[in-house]
Amino acid sequence: MIDKHLLSFWHWFFINADGTPGYRRILNKTILIDIIIGSIIAFLVKIELHTCAKTVLIPLAGIFIGLAFAWVQNAQALLQSESIIKLAKHREGGIREYVFTYQLAILSILVSLIIWGLAGLQIFDTLWPTKCNVISYFIVKWFIFLMSSLALRECWQVVLSVQWLLILDNVIMEHKREKEDTGKN
């Protein structure tokens, strides 16, 4: 019988009895970079959020999603390879760590896209008119740019992870071939 928590992304995200909870992948030292980037961009961008969303960031989010999904396909193929399955047995959390980490990246990109979609629909500009409450509007802008930075970071992590797995898969396969060749001699 399989423990239902083994298959639960949310259990892995909040608790993860087999290792570090998934939220710690977002709330780590690098979140400071996202906070700084979100602050700088929110301060420098003087146009309303719906204008930002329509001109630049919604198309950019589409690129992030396309890129992440393309790399996730490569990751899925790699995670089914015999060498990576063996490697994952030696990692805290096992294969779930790889699978749920990719899912977390996709989730962060989708959340960012949804937030920018709401900005494009003028939800934030209607709720926080820029002339009435400058501070709360700045906080909303900051949060949206912070989420964009986080989505970019997570998208990049998917690319890096797949590249590392490709390299590790190749190293393991070469080692296996060398072992087989020395066994034949």
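Procedures and definitions
- Residues numbered from 1 in each chain as written.
- Predicted model: local features only at pLDDT ≥ 70, side-chain atom pairs only at ≥ 80, totals over all residues.
- Heavy atoms only, no water.
- Helix = DSSP H or I, 4+ residues; strand = E, 2+ residues; numbered from the N terminus.
- Rg over C-alpha atoms; globule rule 2.2 N^0.38 Å.
- Buried < 20%, exposed > 50% of the residue type's maximum accessible area, 1.4 Å probe, protein only.
- Areas by Shrake-Rupley, 256 points an atom, 1.4 Å probe, with all protein chains shown as cover.
- Lys, Arg positive; Asp, Glu negative; His and termini not counted.
- Charge placed at Lys NZ, Arg CZ, Asp CG, Glu CD.
- Core = buried A, V, L, I, M, F, W, Y, C linked by side-chain atoms within 4.5 Å.
- Phe/Tyr/Trp six-rings, centres within 6.5 Å; stacked < 30°, edge-to-face > 60°.
- Lys NZ or Arg CZ within 6 Å of the ring centre and 35° of its normal.
- Expected span 1.5 Å × (residues − 1).
- Arc of directions from axis to C-beta.

Undergrad: Would you mind showing me how to read the overall build of the chain here?
TA: Helix and strand content of the chain: 7 helices and 0 strands. For 185 residues, the compact-globule estimate of 2.2 N^0.38 gives 16 Å, and the chain exceeds it by more than 25% at 21 Å. Based on the C-alpha atoms only, the size of the chain along its principal axes is roughly 80 × 35 × 25 Å. A burial count over the chain gives 38% of its 185 residues as buried. Accessible surface, the chain as shown: approximately 11,400 Å² in total, 69% of it carbon and sulfur. Put simply, the chain has 17 plus and 14 minus side-chain charges, and the middle of one group is 5 Å from the middle of the other.

Undergrad: It is not clear to me how the nonpolar core should be interpreted in this structure. Could you clarify?
TA: Nonpolar side chains in soluble globular proteins tend to end up buried together. Of all hydrophobic cores here, the largest spans 22 residues; its most connected members are Leu49, Trp116, Ala119, Phe124 and Ile144. Residue assignment for this core shows that the elements contributing at least two residues are helix 1 (9-14), helix 2 (31-44), helix 3 (49-79), helix 5 (95-120) and helix 7 (134-184). Counting residues in each nonpolar core, the second largest holds 11 residues, with Ala75, Tyr102, Ala105 and Val158 among its members.

Undergrad: How do you make sense of the packing of aromatic side chains when you look at a structure like this?
TA: Counted according to the given criterion, the structure contains 10 aromatic pairs. For the pair Phe13 and Tyr23, a centre-to-centre distance of 6.3 Å together with 65° between the ring planes defines the contact as edge-to-face. Linking Phe13 in helix 1 with Tyr23 in the loop between helix 1 and helix 2, this pair joins segments that are 10 residues apart in sequence. Exposure remark for Tyr23: the relative accessible area of 29% places this residue in the partly exposed category. Put simply, the rings of Phe9, Trp10, Trp12, Phe13, Phe14, Tyr23 and Phe100 touch in pairs and so form one group of aromatic residues. Over the aromatic face of Phe43 sits the side chain of Lys46, whose NZ or CZ is 4.5 Å from the ring centroid.

Undergrad: Explanation requested: unusual backbone geometry in the structure shown.
TA: At Gln122, a position not held by glycine, the phi torsion is positive, near 65°. With respect to the helices and strands, Gln122 occurs in the loop between helix 5 and helix 6 (123-127). Classification of Gln122 by relative accessible area gives partly exposed; the value is 33%.

Undergrad: Explanation requested: helix 2 in the structure shown.
TA: One turn of the α-helix equals 3.6 residues, which is why residues spaced by three or four share an orientation. With 14 residues, helix 2 extends 20 Å from end C-alpha to end C-alpha; this agrees with the ideal 20 Å at 1.5 Å per step. What helix 2 keeps buried is the set Ile31, Asp34, Gly38 and Ala42. An end-on view of helix 2 places all buried positions within 60° of arc, on one side of the element. In this structure, helix 2 carries Leu32, Ile36, Phe43 and Leu44 as exposed residues pointing more than 90 degrees from its buried face.

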